[in-house]
Amino acid sequence: MKTVVCTNANLHVVDQPSPIPAKGQLLIEVSRCGICGSDLHARHHMDELADVMAETGYDEFMRSDQQVVFGHEFCGTVVDHGPRTRKAPKPGTLVVAMPLLRRGADVHGIGLTAKAPGAYAEQLLVEQALAFPVPNGLPADVAALTEPMAVGWHAVQRGDVGKGQVAIVIGCGPIGLAVILALKAKGVRTVIASDFSAGRRALATRCGADIVVDPAQESPFSGEHGFLESFTDAGDLALSTIEKLDKLRLPWWHVWRAADKVGATTPKRPVIFECVGVPGIIESVISSAPVFSRVVVVGVCMGADHIRPAMAINKEIDLRFVLGYTPLEFRDTLYLLADGKIDAAPLITATVGLAGVEAAFDALGDPEAHAKILIDPASSADAP
């Protein structure tokens, strides 16, 4: 079978043996595979990320001198089942799967290690337990976006954002757009999106963002939303509240405690989703964000970075990092797509064959031209 391998940052189409499914695994014929932003970064920075992964206990992450097959967001049709494996889903069934593969006693990330080749290929192994038939006639193009949409859905779940809160999305690449779609599917009424690219701002609007800003012209944190801007604003609010309660001639602490139980004492604060993933962005968000903001870091920064803890402390910033999704979130995302509650189709801007992968990587460097390019292994297209 034909695959695209990455070695020393070079992409090549090569012939490799077709994989053989083990017990509990399925062999699928790849219908579509999305090119992820993390693939673009990993092409040149995989050794840096591998060092971090090794520190966290996983030493099989891809290395630049290996033959690595990218591709962790995909769908395909079932071809075969491993030995002593239940014959379901049936051959010919279109499925999506969480990108995890068991090798002996270890579990590896598909498309993230030489141990589990990804879907930049004609065929692929997946775990039967993590494969889900595509429902409601959902097209393969959109079904392949289950994985990145699940990342956005997980980020929103981790953000604990309420329908009445303001959500601010920094960076409107594919993951930022996935977060916007997830926020609107969850019913969040006010979503502000920020990106320097006019093309990405237009996509953010199509995905449901209520307010779209160019950060070169205005701050996404400005506006009449009632946020506290500084430590002194928070102090003034506390003092003013005590003064008002004191006029009631009641022990203010009893009133405050009762109000606390129903959330009435919590100042208005946004939930900010950082979806850029380059050095300096987290510090920039912390420095610019209103007091008491919750910052959810979704973008994957491959290199080292720094923040000023004193700035985050003085603003009492709640900083959260997210990775991936749960099996339930993955399954739920598939059905959100199939039921039309998330419309990811606007993200798809081109499709290429295996021979066009390198050209697609180059094209994705221009945010005005493309958002999500899909690979169709059966296509002869050698450029987006």
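The structure presented is a predicted model; accordingly, all values stated were derived computationally and were not measured.

So, how was this worked out
Along every chain, residues carry numbers that run from 1 in the direction the sequence is written. Local features in a predicted model are, by the rule used here, given only for residues with pLDDT of at least 70; side-chain atom pairs are given and counted only at 80 or more, and totals for whole chains, interfaces and linings are based on all residues. Note that the side-chain values use all heavy atoms of the structure and ignore hydrogens as well as water. Working definition of a nonpolar core: buried Ala, Val, Leu, Ile, Met, Phe, Trp, Tyr and Cys residues. They are joined through side-chain atoms within 4.5 Å. Accessible area is worked out with a 1.4 Å probe on protein chains only. A residue is then buried under 20% of its type maximum, exposed over 50%, and partly exposed in between. Only DSSP runs of H or I covering at least 4 residues are called helices, and only runs of E covering at least 2 are called strands; the numbering of each starts at the N terminus. Domain limits in this description derive from either an automatic procedure or a database domain assignment. Throughout, a residue-residue contact means that at least one pair of heavy atoms, one from each residue, lies within 4.5 Å. Strands qualify as paired when DSSP identifies two bridges or more between them. Orientation is described by lines fitted to C-alpha atoms, with helices fitted over the stretch in contact, and by angles between N-to-C directions that extend from 0 to 180 degrees. We score Asp and Glu as negative and Lys and Arg as positive, and we do not count His or the chain ends. For this document, the term salt bridge refers to a Lys or Arg side-chain nitrogen within 4 Å of an Asp or Glu carboxyl oxygen. By convention, the term buried area covers the 1.4 Å-probe accessible surface removed from two parts as they join, with the contributions of both added. Pairs of N or O atoms within 3.5 Å make up the polar contacts considered here, provided that, within protein, one atom can donate a hydrogen while the other can accept it, and that residues adjacent in sequence are counted only when both atoms are side-chain atoms. Here a pair means two rings of Phe, Tyr or Trp (six-membered ring of Trp) with centres within 6.5 Å. Their orientation is stacked below 30 degrees between planes, edge-to-face above 60, and tilted elsewhere. Comment: the charge-over-ring label is applied if NZ (Lys) or CZ (Arg) is within 6 Å of the ring centre and within 35 degrees of the ring normal.

Novice: I would appreciate a short explanation of the nonpolar core in the present structure.
Specialist: One broad trend across soluble globular proteins is that nonpolar side chains are buried collectively. Of all hydrophobic cores here, the largest spans 53 residues; its most connected members are Met149, Ile180, Leu183 and Phe273. Sort the elements by how many residues they give to this core and helix H4 (residues 174-185) lands first, with seven residues. Both domains that meet at this core, namely domain 1 (2-133 + 344-375) and domain 2 (150-228 + 267-321), each give it at least three residues. With residues up to four places along the chain from it excluded, the contact list for Leu183 reads Val156, Val161, Ala167, Val169, Val188, Val191 and Phe273. By size, the runner-up hydrophobic cluster in this structure holds 44 residues, among which are Val30, Val69, Phe74 and Val95.

Novice: Mind showing me how you'd approach the sheet that holds strand E15 (residues 318-321) here?
Specialist: With respect to topology, six strands assemble into an open sheet ordered E12-E11-E10-E13-E14-E15, the strand pairing being parallel. Two strands lie at the open edges of the sheet, namely strand E12 (211-213) and E15, each paired on one side alone. Across the sheet, the mean angle from the axis of one strand to that of its neighbour is 20°, orientation sign disregarded. Sheet topology note: the strand E14 (residues 294-297)/E15 ladder contains four bridges and is parallel. Residue Arg294 lies in a different strand from E15, and its bridge partner there is Asp318.

Novice: Is there a simple way to explain the side chain of Glu147 in this structure?
Specialist: With respect to the helices and strands, Glu147 occurs in helix H3 (residues 146-159). Despite being buried, Glu147 has no salt bridge partner; Lys372 is the closest side chain of opposite charge, sitting 6.9 Å away. Setting aside its immediate chain neighbours within four residues, Glu147 contacts His72, Glu73, Pro99, Tyr325 and Phe330.

Novice: I keep staring at the domain arrangement of the protein and nothing clicks. Help me out?
Specialist: Often, the extent of an interface is quoted as the loss of accessible area on bringing the components together. When the domains of the protein are assigned, the result is domain 1 (2-133 + 344-375), domain 2 (150-228 + 267-321) and domain 3 (231-262). Taking only C-alpha atoms into account, the centre of domain 1 sits 28 Å from that of domain 2. In total, about 1,200 Å² of surface goes out of reach between domain 1 and domain 2, with carbon and sulfur atoms giving 69% of it. When the buried area of domain 1 at its contact with domain 2 is split by residue, Pro346, Leu347 and Glu368 rank highest and sum to 37% of it. Linking domain 1 with domain 2 are zero salt bridges. On the surface where domain 1 and domain 2 come into contact, there are three residue pairs in polar contact (both at pLDDT 80 or more).

Novice: What should I look at first to understand the packing of aromatic side chains in this one?
Specialist: Geometry of an aromatic ring pair is reported as the spacing of the ring centres plus the angle between the planes. Within this structure, the stated rule accounts for seven aromatic pairs. Ring centres of Tyr120 and Phe361 lie 6.4 Å apart, and the angle between their planes is 90°; on these two criteria the pair is classed as edge-to-face. Here the residue Tyr120 occupies a position in the loop between strand E7 (106-109) and strand E8 (123-127), and Phe361 occupies one in helix H11 (residues 357-363), the gap between them amounting to 241 residues. Its relative accessible area of 0% is what places Tyr120 among the buried residues. Geometrically, the ring pair formed by Phe132 and Phe330 is tilted, given 5.7 Å between the ring centres and 35° between the ring planes. With Phe132 in strand E9 (residues 131-133) and Phe330 in helix H10 (residues 327-338), this residue pair connects regions lying 198 residues apart in the sequence. According to the relative accessible area criterion, Phe132 is buried, its value standing at 17%. Here the aromatic cluster, defined as three or more aromatic residues joined through ring pairs, consists of Phe70, Tyr120 and Phe361. Geometry around Tyr335 places Arg331 over its ring, the cationic atom sitting 3.9 Å from the centre.

Novice: Sorry, what's going on with the pairing of strand E17 (residues 372-375) here?
Specialist: Across a regular strand the side chains alternate sides, sitting on one face of the sheet and then on the other. Every second residue of E17 is oriented toward a common face, with Lys372 and Leu374 on one face and Ile373 and Ile375 on the other, all of them buried. Sheet topology note: the strand E3 (residues 25-34)/E17 ladder contains two bridges and is antiparallel. Among the inter-strand pairings, Cys33 is bridged to a residue of E17, identified as Ile375. As judged from the four bridges shared by strand E16 (residues 348-352) and E17, these two strands associate in the parallel manner. Bridge pairing in E17 places Thr351 opposite Leu374.

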